[in-house]
Amino acid sequence: MNHLKAWIDEHFKGDPIIWAIVILLSLFSILVVYSATGTLAYKTAGGNTELYLFRHSFLVFLSLFVMWLAHKMPYRKYALYARLFMYLSIPLLIFTYFFGSNINEANRWLTIPVINQAFQPSDLAKLSLIAALAAMLAKRQKNIKDFTGTFLPIILSIGVICALIGMANMSTAILLLMTCLLIMFIGRVPVKHLALVVMIGVMGLTVAVFAGQRGETFWSRIEAFWESKDDDSKIPFQAEQSYIAIATGGITGKGPGNSEQRNSLPHPYSDFIYSIIIEEYGLVGGATVLFLYLALLYRGMRIVVNSNKAFGGLLSAGLSFALVIQALVNMAVAVGLGPITGLPLPLLSMGGTSLVFTGTALGIILSVSRGDHQDEATAPEPSRVSNRLRTA
Amino acid sequence: MNIKRSIVLRVRVVFILVALAACAIPYKIAVVQFKEGEKWIAKAEQVNFQYREVPATRGNIYASDGSLLATSLPFYRVAIDPTIVKESKYKAGIDSLSRFLSAFYKDKSATAYKRMINDARLDKKRYLILNRKQIGYQDMQKMTSWPIFRDGRLGGGVIFEKVEKRYRPFNSLASRTVGFLNEDEYGAGIEYSFNNYLKGKDGKALFQRLAGGVWKPMFDAEDIKPENGYDVYTTLDVNIQDVAETALRRQLTDRDAAFGSVIVMEVKTGHIKAMSNLQRNKSGVGYSESYNYAVGDIGSTEPGSTFKLLSMLALLEENKIRLEEKIETGNGAHRFYNQTMYDAKNGGYGTITIREAFEKSSNVAISKLVDMHFGSSPSKFMAYIDKVGLAEPFNLQLAGEGKPFFKKPGSKTWYGTSLPWISIGYESKLNPIHTLSLYNAVANGGTMMKPIFVQGVGQGNTLVETYKPEIIRKQIASERTIKALQELLEGVVLRGTAKNILNPNYKIAGKTGTAQKIVNGRYVETYYTSFAGYFPADRPKYSMIVVIDSPKGFAAYGGDVSAPVFKEIADRIYALDMELNPINQSKILQAENQGPALPFIKAGKGEELQGIFEELHIQAKAPAAEEWVKTTGDSQKLNLAINETDKPVVPDVSGMPLRDALFILENKGLKVNYNGKGRVIEQSLTPGSQLTPNATINLVLG
């Protein structure tokens, strides 16, 4: 027993509660996705439901492994990587917009040549932007109120990335922008500057709506959402099916694997997985999942309190908020609090490679939470850090 | 306030805000569950979505010459979801759409259509069948260009529901062999037996159930594309089938018989060239195919005298008899134990040779011989049935094959009289196809072939399954025996019970059969008449069996009823088949010796013409690398000359078929009008004259 504990202590560092929540949600994800892909398996794999079970399980464990790898790495190194990947993601996004594979009438996917695996460059852009933003904010804490030296370079990065993502995927772009605003607020950027960002954001949004691939979809969804408020017949098909799932789930649900709405609800394994969770596990299950995300956010926030360094705190807070806010938005959409976005529920949805990026983000949070990667210097230059802490 | 404290404070504020916002989620869940719960639960029961099968296109069934025996044609039912189209588009298009609909269906005025769609739109009806009439593919394509319809399923709300119909170009021809399949996947014939290949793999699509149990497809495309079924290539020959069916029907009608079957089989391969089963309609008028007596269970019956061939085979193989040996048939009655065997001829045949006994089909003689030589060991006789492969079913490609039935010596039902009666085709059951196979084996020099109906299964040019000729028994008897049996069968036509079908053109070999039928356990005066045989007897190509059940009228024997049908069909096949017909062959040879009148090919594509000439062994060389050529010369000699169509002048298209002429002229930018049929004999613009773009050229074909 002591051996086991020692082994765990040696190999699994960082906040044990975050570890527990992530593992719990991951296992739950396998369970729910298995149930929700019944129809998909029937449709595309000739009824081979195990195909999706194995594929999803593999990706879940892969993402846990990636998380473990990421938490081994001193978090300071991420400042440099973040910036590198942020720059890299710009050409990738442009390339994808023009040449990527088209799924649901938007080019969001890019296939990595050698291993032949499709992934969304926006996942990479999102993660690297938030990490880079934390680094930029931390570095400039002393003169955070400076407009040209601090605010401009930061907002330029955010603007470019958000605009590029927004071309093909409006919801992700808006959510990312909101998350960045929150992180900037936490990072002590003056509120008047943030107001400016909101304005730029609205402008960027307008441009993207008219120029991007998904502008029409975007508006029609928002329109449908508002119209459905007063007129039941205007409720979009997905929303209606989601309501039926929630209503028939009741307080304790129909039980694991007993969903009926998975047959009619589009994307029951990703966009609307929360509806399936409520259908199968009831209000109780839905509330528990919500609680787990808030607990995750709380632990992410605790790291900020315990962290001595601005970079670590902002990195942890930024990534936690990004992840949990996306989760909340997905859940809000599923229960009908917002227009249909098409965002997956992080950690729970069957999402292929985006799971790996979620794993990386959680690994970085854990790396910050370890505390033993701390360093005395204030917001160090990324290059110096990478040289120094090889052995940590 | 230091930096860290400020950051921590801000994080806490944001966290609390987020947590508060998150509370809206369980609140909304509660609202949906409790406040609106009933509404949604009611909706769950009322609206239903289901992944339903989208049927795949069923494969075709082809005859051996490539003619279509059965195919599936798509038809469409046109419906609309009138709530989908946007107001502006609706307003702009509804009037002309209604006019189109009215003009197309011709059942309602444009105003009526408009009102119907308008009402449905106002009532928010999501599904309106515009007309019950099913339309063809071409019409469907045309409709997709109509206003509102042209915006498709998602923009215009138009729904084309595909309904597949099985279509048989030859109507009832071989209908029981081709078979059918009903909705419970039960059926008969090839449609049923090869259903697994024909049906393909159904696709799936999401459907919504609407009031009245109608299922409406939700989206335009299927989630899983259906995979079309394979085509089945049968061995049937439409010409022979037609001949067989016509002859059989005529005889059935003339003799007011209950039912009849004809099977024509190719001797070497076992390919079934025709199989017809006609039964008197329940109404009592006319005949149609409703059961496959030739193959099916119910058609399995006492074969009668055609089975004497096997008795002779056994006797000859055992070396017990010589054909010229005398046998006493007396006054045509012979008592075995407690039962008497009679001959058909009153007063009997007296003392005759065994050969005569077979030719005249003497029951007494055959049964006496068999009883004499096998009476002490009947199993030895029964072993011959197994030796020729008739003891077990053939596992035919068609489902529902009747099982041959023979009593076992020593079993409870085996009486002292069983062997003599079995020897003349009673107390046992066989299908016509089994009996035919035995005759086919004799024709084939002793090799028993399995009857084959389908030679391959595939799609386009690729076959996924080929069925080669299959041997059931390599050699059913010694060559000497087979030779003797062949002589016996020829004798039946030359001198015996089937003298009436003797003809000077070619030789038929065969055996008549007349079995008395059992009704309520007693043999009654109705007969099951048959004739099995093959032709031409000297080099057999086809074997055939004709059975006619319960003919009425005076002469109800196989020789009188079935043999003439055999001959009629054989005559026609003989006339059709050049390979068989020496008279026609000599005419062809004669024509060839006179020197060929060369084919009338005047102009065309050099490569294609060269191919035709090579096939016909005509010496003519196309100038190399020239696309279009002309031919000159008389009926003895052909010359191909370059037809220069590349030059910027009006090309010479005389002698060309319209297809080629159109291609060349339109490539030159000319407008073409034509009159008549055939090849170009006149063109209005002189060849070689100056080309004017967009000029019109008139062609006269003849």
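- An unreviewed UniProt entry lists chain B under the name Cell division protein FtsI (Penicillin-binding protein 3), with Algoriphagus boseongensis as the source organism.
- The annotation that UniProt attaches to chain B under Subcellular location (unreviewed entry) is "Membrane".

- Per an unreviewed UniProt entry, chain A carries the name Probable peptidoglycan glycosyltransferase FtsW and comes from Algoriphagus boseongensis.
- Under the Subcellular location (unreviewed entry) heading, UniProt states for chain A: "Membrane".

1. Description of the overall build of chain B
Reasoning step 1: A count of helices and strands for chain B gives 22 helices and 32 strands.
Reasoning step 2: Within the span of chain B, comprising 702 residues, buried residues form 50% of the whole.
Reasoning step 3: Contacts spanning at least 24 positions in sequence make up 67% of the contacts within chain B whose residues lie at least 6 apart.
Reasoning step 4: For chain B, the exposed area adds up to about 33,700 Å²; of that, 51% sits on carbon and sulfur atoms.

2. Some points on the overall build of chain A
Reasoning step 1: Secondary structure summary: chain A contains 15 helices and 3 strands in total.
Reasoning step 2: Here chain A displays about 16,600 Å² of accessible surface, and carbon together with sulfur accounts for 66% of that area.

3. Some details on the packing of aromatic side chains
All names here are of chain B.
Reasoning step 1: All told, the structure shown has 32 aromatic pairs over all chains when counted by the stated rule.
Reasoning step 2: When the ring of Phe 104 is compared with that of Trp 146, the centres are 6.0 Å apart and the planes differ by 70°; the resulting orientation is edge-to-face. Here Phe 104, found in helix H4 (residues 87–105), pairs with Trp 146, found in the loop between helix H6 (137–143) and helix H7 (152–155); they are 42 residues apart in sequence, far enough to count as distant.
Reasoning step 3: A relative accessible area of 16% means that Phe 104 is categorised as buried.
Reasoning step 4: The class of Trp 146 is buried, set by a relative accessible area of 5%.
Reasoning step 5: With a centroid separation of 5.1 Å and 70° between ring planes, the pair formed by Tyr 291 and Tyr 293 is classed as edge-to-face.
Reasoning step 6: Given a relative accessible area of 8%, Tyr 293 falls into the buried group.
Reasoning step 7: Through successive ring pairs, a cluster of aromatic residues spans Phe 100, Phe 104, Tyr 105, Tyr 113, Trp 146, Phe 149 and Phe 160.

4. Thoughts on the packing of helix H12 (residues 308–317) of chain B against helix H15 (residues 378–387) of chain B
Geometry of a packed helix pair, given as the angle between the helix axes and the separation of the axes.
All names here are of chain B.
Reasoning step 1: Remark: H12 packs on H15, axes separated minimally by 10 Å, with the N-to-C direction vectors making an angle of 110°. When the axis of H12 is compared with that of H15, the two are roughly perpendicular. For the crossing formed where H12 meets H15, the hand is right-handed. When H12 is examined against H15, the residues Leu 310, Ser 311, Leu 313, Ala 314 and Glu 317 are found in contact with a partner set consisting of Phe 381, Tyr 384, Ile 385 and Lys 387.
Reasoning step 2: Of the residues contributing to the contact of H12 with H15, the split by class is 6 nonpolar, 1 polar and 2 charged.

5. Some thoughts on a nonpolar patch on the surface
Reasoning step 1: A surface patch of nonpolar side chains, about 420 Å² in accessible area, is lined by Leu 80, Tyr 81, Leu 84, Phe 85 and Leu 88 of chain A.
Reasoning step 2: Leu 84 of chain A sits in the partly exposed class, given a relative accessible area of 49%.

6. Here's the deal with the packing of helix H13 (residues 310–335) of chain A against helix H2 (residues 24–35) of chain B
Reasoning step 1: Packing of H13 of chain A against H2 of chain B leaves a shortest axis separation of 9 Å and a crossing angle of 15°. Compared by their axis directions, H13 of chain A and H2 of chain B come out roughly parallel. Where H13 of chain A crosses over H2 of chain B, the handedness of that crossing is left-handed. Across from Leu 328, Met 331, Ala 332 and Val 335 of chain A in H13 of chain A, the residues of H2 of chain B making contact are Ile 25, Lys 28, Ile 29 and Val 32 of chain B.
Reasoning step 2: For the contact of H13 of chain A with H2 of chain B, a count of residues per class yields 7 nonpolar, no polar and 1 charged.

7. Examining the sheet that holds strand S31 (residues 680–683) of chain B
Residue and element names in this part refer to chain B.
Reasoning step 1: With mixed pairing, the 3 strands of this open sheet are ordered in space as S30-S32-S31. Edge positions in the open sheet fall to strand S30 (671–675) and S31, since each of these has one partner strand only. Adjacent strand axes in the sheet meet at a mean angle of 30°, parallel and antiparallel pairs treated alike.
Reasoning step 2: Bridging between S30 and strand S32 (residues 696–701) involves 5 bridges; their strand directions are parallel. In the strand pairing of S32, Tyr 674 is matched with Leu 699.
Reasoning step 3: Sheet contacts for helix H22 (residues 658–667): S30, S31 and S32; angle to S32, the most-contacted strand, approximately 170°.

8. Considering the confidence of the model for chain A
Reasoning step 1: Averaged over chain A, the pLDDT score is 81; the fraction of residues at 70 or greater is 84%.
Reasoning step 2: Under a pLDDT of 50 for its full length, residues 375–392 of chain A has, in the predicted model, 22 contacts with residues more than four places off or in other chains.

9. Quick look at helix H7 (residues 147–168) of chain A
All names here are of chain A.
Reasoning step 1: For H7, built from 22 residues, the straight-helix expectation of 32 Å at 1.5 Å per residue is met to within 8% by its first-to-last C-alpha distance of 30 Å.
Reasoning step 2: Among all positions of H7, only Thr 150, Phe 151, Ile 154, Ile 155, Ser 157, Ile 158, Ile 161, Cys 162, Leu 164, Ile 165, Gly 166 and Ala 168 are buried.
Reasoning step 3: Regarding H7, its N-cap is Asp 146, as a side-chain oxygen of that residue lies 3.3 Å from the backbone nitrogen of Thr 148 further along.

10. Some details on helix H19 (residues 558–576) of chain B
Reasoning step 1: The first and last C-alpha atoms of H19 of chain B sit 26 Å apart over 19 residues, in line with the 27 Å expected at 1.5 Å per residue.
Reasoning step 2: Buried residues of H19 of chain B: Gly 558, Gly 559, Val 561, Ser 562, Ala 563, Val 565, Phe 566, Lys 567, Ile 569, Ala 570, Ile 573 and Tyr 574 of chain B, and no others.

11. Concerning the interface of chain B and chain A
Reasoning step 1: Contacts between chain B and chain A engage 35 residues on the former and 48 residues on the latter.
Reasoning step 2: For the pairing of chain B and chain A, the buried interface totals around 3,900 Å² over both sides, and the portion due to carbon and sulfur atoms is 77%.
Reasoning step 3: On inspection of chain B and its partner chain A, the count reaches 0 salt bridges.
Reasoning step 4: In terms of residue count, the dominant contributor to the side of chain B that touches chain A is helix H1 (residues 3–22) of chain B (13 residues).
Reasoning step 5: Residues of the side of chain B that touches chain A, tallied by class, amount to 23 nonpolar, 3 polar and 9 charged.

12. Remarks on the side chain of Lys 273 of chain B
Residues and elements named next belong to chain B.
Reasoning step 1: One can find Lys 273 in strand S12 (residues 272–280).
Reasoning step 2: The side chain of Lys 273 is buried and forms no salt bridge, while Glu 266, the nearest opposite charge, is found at 4.4 Å.
Reasoning step 3: Separated by 3.5 Å, the side chain of Lys 273 and the backbone oxygen of Thr 235 make a polar contact.
Reasoning step 4: Ignoring anything within four residues of it in the chain, the contact list for Lys 273 reads Ser 64, Thr 235, Leu 236, Asp 237, Ile 240, Gln 241, Val 264, Met 265, Glu 266 and Tyr 542.

13. Re the sheet that holds strand S24 (residues 509–519) of chain B
All names here are of chain B.
Reasoning step 1: Strand order in this open sheet of 6 strands is S13-S12-S11-S26-S25-S24, and the pairing throughout is antiparallel. Each having just a single partner strand, strand S13 (287–288) and S24 make up the two edges of the open sheet.
Reasoning step 2: Here 7 bridges tie strand S11 (residues 259–266) to S12, and the two strands are oriented antiparallel to one another. For Val 262, the partnering residue across the bridge sits in S12 and is Ser 276.
Reasoning step 3: Against the sheet, helix H18 (residues 479–494) contacts S24 and strand S25 (522–535), and its axis sits at roughly 75° relative to S24.

14. Structural notes on the environment of Gly 336 of chain A
Reasoning step 1: Structurally, Gly 336 of chain A is set in the loop between H13 and helix H14 (354–369).
Reasoning step 2: Here Gly 336 of chain A falls in the buried class, since its relative accessible area comes to 8%.
Reasoning step 3: Put simply, Gly 336 of chain A and Phe 225 of chain A are 111 residues apart on the chain and 8.6 Å apart in space, counted from C-alpha to C-alpha.
Reasoning step 4: When near neighbours in sequence (up to four residues on either side) are disregarded, Gly 336 of chain A contacts Phe 225 and Tyr 243 of chain A together with Lys 28 of chain B.

15. As for the side chain of Thr 358 of chain A
Residue and element names in this part refer to chain A.
Reasoning step 1: Following the sequence through the fold, Thr 358 ends up in helix H14.
Reasoning step 2: Among the polar contacts made by the side chain of Thr 358, one reaches the main-chain carbonyl oxygen of Ser 354 at a distance of 2.9 Å.
Reasoning step 3: Residues in contact with Thr 358, not counting those within four places in the same chain, are Leu 323, Pro 346 and Leu 347.

16. Looking at the nonpolar core
Nonpolar side chains in soluble globular proteins generally cluster together in the buried interior.
Reasoning step 1: In this structure, Ile 158, Met 184, Tyr 274, Tyr 293 and Phe 321 of chain A are the most contacted members of the largest nonpolar core, which totals 129 residues.
Reasoning step 2: For this core, the element with the highest residue contribution is helix H12 (residues 273–306) of chain A, accounting for 18 residues.
Reasoning step 3: Excluding anything up to four places from it in sequence, Phe 321 of chain A contacts Thr 179, Leu 182, Ile 186, Leu 297 and Gln 326 of chain A together with Val 11, Val 14, Phe 15 and Val 18 of chain B.
Reasoning step 4: The next biggest cluster of nonpolar side chains, apart from the first, holds 120 residues, and it includes Ile 501, Tyr 542, Val 547 and Ala 570 of chain B.

Reading the values: rules and limits
Residues numbered from 1 in each chain as written. Chains lettered and ligands numbered in written order. Predicted model: local features only at pLDDT ≥ 70, side-chain atom pairs only at ≥ 80, totals over all residues. Heavy atoms only, no water. UniProt positions renumbered as here; feature names shortened; annotations may be inferred. Helix = DSSP H or I, 4+ residues; strand = E, 2+ residues; numbered from the N terminus. Buried < 20%, exposed > 50% of the residue type's maximum accessible area, 1.4 Å probe, protein only. Contact = heavy atoms within 4.5 Å. Areas by Shrake-Rupley, 256 points an atom, 1.4 Å probe, with all protein chains shown as cover. Phe/Tyr/Trp six-rings, centres within 6.5 Å; stacked < 30°, edge-to-face > 60°. Axes fitted to C-alpha atoms, helices over the stretch in contact; angles between N-to-C directions. Parallel < 35°, antiparallel > 145°, perpendicular 65-115°, else oblique. Left-handed = near helix turned anticlockwise from the far one by under 90°. Nonpolar A, V, L, I, M, F, W, Y, C, P; charged D, E, K, R; others polar. Patch = residues over 30% accessible without salt bridge, like charges linked within 9 Å, V, L, I, M, F, W, Y side chains within 5 Å. Salt bridge = Lys/Arg side-chain N within 4 Å of Asp/Glu carboxyl O. Pairing = 2+ DSSP bridges. pLDDT = per-residue confidence, 0-100. Expected span 1.5 Å × (residues − 1). Polar contact = N/O pair within 3.5 Å; in protein donor to acceptor, adjacent residues only side chain to side chain. Buried area = accessible area lost by both parts, 1.4 Å probe. Lys, Arg positive; Asp, Glu negative; His and termini not counted. Core = buried A, V, L, I, M, F, W, Y, C linked by side-chain atoms within 4.5 Å.

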